[in-house]
Amino acid sequence: MSGILVFCKECGKQVPSSETRDGRCLDCQVRKSVADLRDEHARLWRKRERYRTSQANVGQIARQIARVEDRMGQRIKELVPNERQAVDYLKRELEAARGQRYTIKGV
Ligand SMILES: [Zn+2]
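To start, this report covers the structure provided alongside it. (Residues numbered from 1 in each chain as written. Predicted model: local features only at pLDDT ≥ 70, side-chain atom pairs only at ≥ 80, totals over all residues. Heavy atoms only, no water.)

**A look at the overall build of the protein chain**
Where we set the bar: Runs of H or I in DSSP of at least four residues are treated as helices and runs of E of at least two as strands, each being numbered from the N terminus. Just to be clear, the radius of gyration here is over C-alpha atoms, and the globule rule we use is 2.2 Å times residues to the power 0.38. Relative accessibility under 20% of the residue-type maximum defines a buried residue, over 50% an exposed one, and the middle range a partly exposed one, all with a 1.4 Å probe and only protein chains included. Only the protein chains shown count as cover for residues, with accessible areas throughout obtained via the Shrake-Rupley method and a probe of 1.4 Å.
A count of helices and strands for the protein chain gives four helices and two strands. Order of helices (α) and strands (β) in the protein chain, N terminus to C terminus: β-β-α-α-α-α. In terms of overall dimensions, the protein chain is more spread out than a globule: its C-alpha atoms have a radius of gyration of 16 Å, far above the 13 Å expected for 107 residues. Here the C-alpha coordinates of the protein chain stretch approximately 55 × 30 × 20 Å along the principal axes. When burial is assessed residue by residue, the protein chain has 31% of its 107 residues classed as buried. When the accessible surface of the protein chain is summed, it comes to about 7500 Å², and 48% of that surface belongs to carbon and sulfur atoms.

Rendered as structure tokens:
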């Protein structure tokens, strides 16, 4: 397995050129493609925390969150043909989205 290694212009990681698009590695492509959905996810997640006392609202927000997660999965699948790899990417993005609320709260 040899290929030309290039530096991703976004994160600087060295990756096979076959995995890059517009000079970006697959990680950065995925991150960029779901960035808006991740923000949306973080917003809903925070909203759900605020409404925790009201069951009706929580159910509705949970459905919205599930829809956003589905859309993230679809976008990742378009970029990552390997299904297992796509699932890993989705997991990572979801963890990042859920973790965002802490970083935002601290600002
Ligand atoms: Zn990168």
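Here the narrative resumes.
**Thoughts on the coordination of the zinc ion**
Worth spelling out the cut-off: Any N, O or S atom lying within 2.8 Å of the metal counts as a donor, and for Na, K and Ca the limit rises to 3.2 Å; water is left out, so some sites can look incomplete. The rule is simple: four donors are tetrahedral if all their angles sit between 85 and 135 degrees, four are square planar and six octahedral if opposite donors span more than 155 degrees and the others lie between 65 and 115, and anything that fits none of that is irregular.
Distances from the zinc ion to its protein donors, Cys-8 (SG), Cys-11 (SG), Cys-25 (SG) and Cys-28 (SG), fall within 2.3 Å. Coordination at the zinc ion is tetrahedral: its four donor atoms span angles of 106 to 114° at the metal. Look at where the donors of the zinc ion fall in the sequence and you get C-x2-C-x13-C-x2-C. Taken together, the residues span a long stretch of sequence, with Cys-8 in the loop between strand E1 (5-7) and strand E2 (14-16) and Cys-28 in helix H1 (residues 26-33) at a distance of 20 residues.

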